[in-house]
Amino acid sequence: MSLYALTCRAPLRYSQLVRLKSLCSRHYDKSRFSARRLSSQNSTQRDTGIQYVRNIGIIAHVDAGKTTTTEQMLYNCGALKRAGNVDEGDTVTDFLPMERQRGITIQSAAITFKWPSQARVPPNGQQYIINLIDTPGHVDFRFEVERCVPVLDGAICVIDGVEGVEAHTERVWSSAQEFKVPRIIFVNKLDRDGASFKKSVQDIGLKLNGMPLVCHIPWWGKDTIKGVVDVISRSVVSWAGTRDAPEELSKRILEGTIKDETERARERLIELLCEQDDHLLELWTALGKDLSDTAIKESIRRVIKNGEGTLIPVFAGSSLKNIGVAALLDGVTDYLPSPADRPELEVRIGRTQQPLSQVLLAPKAPKKSQPQLEALASVFKVVNDPRRGMLTFVRVYHGVLKKNSLMWNANLQQFERPLNMMQISGGQTIEIPYLSPGQIGAISGLKGARTGDTLLTFGSNKAPQSELAHIQVRPPEIPPGVAFIVLDAYSITGAKALEEALENLSREDPSLRWFKDEKTEQYTLSGMGTLHLEVARDRLENHYKAEAYWGAISVDYKECLTAQTASHRAVFDKTVAGKSGKAACSVVIEPLDDHRRDTLSGSYLERDGNVIQVVFPREDLVPDIETTRQHLTTGVISALARGPRRNSPMHQCLVTVTYDTRTDLFSPAPSSHLVGAANKAVRDALKEAYQQGTIGILEPVMKVTIICPEVSAGAVQHDLHSVRGGHVLEVKDIQETHVNEDSAIDPSEIYAPPDPYEFQTTLRETQKGRLRMLEITARVPFVEMLDYDTLLRGKTQGRHTLTMELDTFERVTGPREKAL
């Protein structure tokens, strides 16, 4: 049947390459592509072997096989004697007990290994250092993914060969697209019943808005994959049961239909590359079919390293059976860029964004003995290790970060001293003396560093006074919480332990927020969803051993303004921590709608759905304008954390703070007095608004995606609309491929090799007993979705999937508002 499927296909498309010759004259005069682009690293940093470093991540929908792929990578490189299994709970990267219990990834795990293994290194060859991050796939942990994506130089997107491109895959793909991270795709699970490489490739083109560049094609044996063929080298690069040993692979000879399909795939790949790469087009014009494998690989590397995603290299295999994983690692080293190949890092100083080199070359301040910046690193993850305490994962962008250096935290504006430095391989650690440019590692002993902080080292131990002290690398944008849980400590002693545990937990994951109600002495912990809070509770109970009475998970409502407040001036002149002083400021708060947001001008900070502007009528009279702005902003943020009506956080507010030195500066006041003045002014304004009845309530509304059998879809839609108060936006058949409306990809232009059962689809699906599944997309209030998964089981007999993410916050009115 495979032969029949292949002979019925259209003739070879190699003739279409002839039309590309006409492009030569059009593109010949353009400047040649520079294969070695300068970035933020200088020549001395290249000497450290930075070109042999790959910082990559694995991103995908939940249960696409990310962790299994990682395990097989470690096995193939020799770091493991046997690959762990998610179902058996013995994987290296999913090392938290709850990860092994649930079979999902919760925390990002950073692993460092070398590829190829010693046995595979060719003569005069070089091993590559691969820093790999296995990220969560569940939507509740999207913050984890989006904190890790910016530190990556490349990414592997794993998709399920049965399901194709799923909802969360599109979300994490768009995150990587936002940060221009070069990506390749691994179509996994091709050994399973119903797997279709052809459908997966078509899904990639139509849903991810890029043209698939098929680099590997599966060699089918009946209904399952038995090997992988590289279309560039025209050779077998993986075979089931051989561990991909070169002497075994050389015995597999391409012949018949698989040889013809390999030629067809190679020609189409060259055609797509020539449309994007002038250099390869010139080579093809001169050499025709005799293009070398090296020239094609270098072309792929050039066209994907800008991170635009117009061409997407696609690989095939099955991680569970270790088919195609070693070849995927070769693709990582061949196609994904090193840190030196990436665009220059942009940093933020105050409210301005500028290249790092521009900051380093800026004229030095006239003051003597200004410290020189020696190293710069970004914190992308903080984890509490049972043996080593809090581990701070960093990516080094400039200089060499030494373990005995005093580190300046640009966010906290204070020094921190590390105890040790290491690289992590899941639950194992390797101590190292320093981290080179582009490297990823972990630091122990830092007392205050949080996810998103920036660490600097200088030539001296004095606090820097220049603008270098305020450098920040991509400060985190933390989404507002949608659910919360209330907990009570057992005792006063237990309360201290609980507060310490909550503080450490929020350092690990800033999207978890907590506060203590001083009147009731209860603690409130808010997060991104039900599973997020369940995992947080498990961490508090089993890892931190915190003891508390737990309430039920509830909806995290917000409060908002319905009318602008009058200007409120507050004077703060209390003694704080033994320090006396006096400070004042004025505050105006107004509702923040989309129109008002679009008309904002000047510098401002957006935090938790609120926008804070600090205005200085006489900037020339302010002693340290950035520090003053930071303290006033901190006071506003703390005041907005609890509204006057329900003690819920304020949302969609525009706060304008005016600090006039002629009336508000009495003497050099401690920072706590500036914070106190802003806090008091905002609280006074909100209290008056509440008395005037201009405080409203907002509730989170979720975008819900439900996949269920067609026979249950009608009942589910009726329940969502009539009972839950939701709005059904779309219903579609997931077996049909739907074109992305914004896609510029012509479906007829997508090349995908045929599946062995292409003309037996109806018979095959009947034999496998597959149901027609529908995907329902709706907007529903979160309060109606708390226990909806349990209710769905009764309607679908358990044959459904439910995912949801925050869509917006909407005003609660009428009887529901009175009930609240």
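Quick caveat: nothing in here was measured; it's all calculated off a predicted structure.

Caption draft 1: Summary view of the side chain of Thr457. By the element assignment, Thr457 lies in strand β22 (residues 454-458). Those residues in contact with Thr457, other than ones at most four positions away along the chain, are Gln372, Leu373, Glu374, Ala375, Leu401, Ser405, Leu406 and Met407.

Caption draft 2: Broad picture of the pairing of strand β21 (residues 440-444). In terms of burial, β21 is a largely internal element, five of the five residues being buried. Residues Ile440, Ala442 and Ser444 of β21 are buried on one face, and the alternating residues Gly441 and Ile443, pointing to the opposite face, are buried as well. Note: strand β14 (residues 389-398) against β21, five bridges, orientation antiparallel. What sits directly across from Thr392, in β21, is Ile443.

Caption draft 3: Geometry of the packing of helix α15 (residues 492-508) against helix α16 (residues 530-543). Two numbers describe how α15 lies on α16: the axes approach to 11 Å, and their chain directions differ by 130°. Judged by the inter-axis angle, α15 sits oblique to α16. Of the two possible hands of crossing, α15 and α16 adopt the one that is right-handed. When α15 is examined against α16, the residues Ala501, Leu502, Leu505 and Glu508 are found in contact with a partner set consisting of Ala536, Arg539 and Leu540. Partitioning the contact of α15 with α16 into residue classes produces five nonpolar, no polar and two charged.

Caption draft 4: Highlighting unusual backbone geometry. With an omega of 0°, the peptide bond between Trp115 and Pro116 qualifies as cis. Checked against the element boundaries, Pro116 lands in the loop between β2 (109-115) and β3 (128-134). Notably, Asn124 is not glycine yet its phi reads approximately 60°, a positive angle. Relative to the helices and strands, Asn124 resides in the loop between β2 and β3. Its relative accessible area of 86% is what places Asn124 among the exposed residues. Here the phi dihedral of Lys545 falls at roughly 60°; this positive angle occurs in a residue that is not glycine. When you line up the elements, Lys545 lands in the loop between α16 and β27 (548-550).

Caption draft 5: Here's a closer look at the sheet that holds strand β9 (residues 235-239). Judged by pairing direction, the sheet is antiparallel, and its three strands sit side by side in the order β7-β8-β9 without closing on themselves. Single-partner strands in this sheet number two, and they are β7 (216-221) and β9. Across the sheet, the axes of successive neighbouring strands diverge by a mean angle of 35°, strand direction being ignored. Sheet analysis places strand β8 (residues 224-230) next to β9, joined by four bridges and oriented antiparallel. Paired with Asp230 across the strands is Ser235, a residue of β9. Strands β7 and β8 of the sheet are contacted by helix α10 (residues 257-276), whose axis makes an angle of about 165° with β7.

Caption draft 6: Region of the structure containing the packing of aromatic side chains. Here the structure, examined in full by the defined rule, presents eight aromatic pairs. Taking the centre distance of 4.6 Å and the plane angle of 70° together, the rings of Tyr490 and Tyr549 count as edge-to-face. Taken as a pair, Tyr490 in the loop between β24 (483-489) and α15 and Tyr549 in strand β27 lie far apart in primary sequence, 59 residues in all. Here Tyr490 falls in the partly exposed class, since its relative accessible area comes to 45%. With relative accessibility at 55%, the residue Tyr549 sits in the exposed group. Taking 6.2 Å as the distance between ring centres and 45° as the angle between the ring planes, the aromatic pair formed by Trp514 and Tyr523 counts as tilted. In this structure, Arg183 is placed above the aromatic ring of Trp173, and the distance from its NZ or CZ to the ring centre is 4.5 Å. Across from the ring centre of Phe666, 4.5 Å away, lies the NZ or CZ of Lys582, which sits over that ring.

Caption draft 7: Seen up close, helix α12 (residues 293-304). Taking 1.5 Å per residue, 12 residues should reach 16 Å; α12 reaches 17 Å between its end C-alpha atoms and fits that length. Taken as a whole, α12 has its buried residues at Ala295, Ile296, Ser299, Ile300, Arg301, Arg302, Val303 and Ile304.

Caption draft 8: Structural view of the environment of Cys215. By secondary structure assignment, the location of Cys215 is in the loop between β6 (211-214) and β7. By relative accessible area, which is 1% here, Cys215 ends up buried. A C-alpha to C-alpha distance of 6.8 Å links Cys215 and Ile232, two positions 17 residues apart in sequence. Once residues lying within four places of it in the same chain are set aside, the contact partners of Cys215 are Val229, Asp230, Val231, Ile232, Leu269, Ile300, Pro313, Val314 and Phe315.

Caption draft 9: Main features of the environment of Ile471. For Ile471, the location among the structural elements is in strand β23 (residues 471-472). The exposure class assigned to Ile471 is buried, which follows from its relative accessible area of 0%. Linking Ile471 and Ala410, residues 61 residues apart in sequence, is a C-alpha distance of 6.3 Å. Once residues within four sequence positions are removed from consideration, Ile471 is found in contact with Val347, Arg348, Ile349, Val359, Leu373, Leu376, Ala410 and Thr454.

Caption draft 10: Geometry of the confidence of the model for the protein. Per-residue pLDDT for the protein has a mean of 82; in total, 85% of the residues score no lower than 70. pLDDT under 50 marks residues 1-48. Its contacts with residues more than four places away, or in other chains, come to 80 contacts. Counting contacts from residues 759-769, a segment whose pLDDT is below 50, to residues more than four positions away or on other chains yields 13 contacts.

Caption draft 11: Layout of the environment of Cys157. Following the sequence through the fold, Cys157 ends up in strand β4 (residues 154-160). For Cys157, a relative accessible area of 0% puts it in the buried group. Along the sequence, Cys157 and Thr169 sit 12 residues apart, while their C-alpha atoms lie 7.9 Å from each other.

Caption draft 12: How the structure looks around helix α4 (residues 66-77). For α4, built from 12 residues, the straight-helix expectation of 16 Å at 1.5 Å per residue is met to within 8% by its first-to-last C-alpha distance of 17 Å. With 12 of 12 residues buried, α4 lies mostly within the body of the structure. Turning to α4, its buried residues number three or more, namely Lys66, Thr67, Thr68, Thr69, Thr70, Glu71, Gln72, Met73, Leu74, Tyr75, Asn76 and Cys77. In the stretch just after α4, Gly78 is the one whose phi turns positive, near 95°.

Criteria and cut-off values
- Here the residue numbering is sequential within each chain, running from 1 through the sequence in written order.
- Only residues with pLDDT of 70 or above have their local features reported here, since the model is predicted, and side-chain atom pairs are shown and tallied only from 80 upward, although totals for entire chains, interfaces and linings are computed over all residues.
- In computing side-chain values, all of the structure's heavy atoms are included and hydrogens and water are not.
- Each helix is a run of DSSP H or I of at least 4 residues and each strand a run of E of at least 2, with the numbering of both proceeding from the N terminus.
- Any two residues having at least one pair of non-hydrogen atoms within 4.5 Å are treated as being in contact.
- The buried label goes to any residue with under 20% of its type's maximum accessible area, the exposed label to any with over 50%, and the partly exposed label to all in between, with areas taken from a 1.4 Å probe on protein chains only.
- Two strands are counted as paired when DSSP detects at least two bridges linking them.
- Here an angle of 0 to 180 degrees is reported between the N-to-C directions of two axes, which are lines fitted to C-alpha atoms, with helices fitted over the stretch in contact.
- Relative orientations are named as follows: roughly parallel for angles under 35 degrees, roughly antiparallel for angles over 145 degrees, roughly perpendicular for angles from 65 to 115 degrees, and oblique for any other angle.
- Crossing chirality is assigned from the near helix's rotation relative to the far helix, an anticlockwise turn below a right angle marking it left-handed and a clockwise turn marking it right-handed.
- Think of it as three bins: nonpolar holds Ala, Val, Leu, Ile, Met, Phe, Trp, Tyr, Cys and Pro, charged holds Asp, Glu, Lys and Arg, and polar takes everything else, Gly as well.
- Two rings from Phe, Tyr or Trp (for Trp, the six-membered ring) form a pair when their centres sit within 6.5 Å of each other. Planes less than 30 degrees apart are called stacked, planes more than 60 degrees apart edge-to-face, and all others tilted.
- A positively charged side chain is recorded as over a ring if its NZ (Lys) or CZ (Arg) lies within 6 Å of the ring centre. The angle to the ring normal must also be within 35 degrees.
- Multiplying 1.5 Å by the residue count of a helix minus one yields the expected span of that helix.
- Looking at any residue, its pLDDT shows the predictor's confidence there, from 0 to 100.

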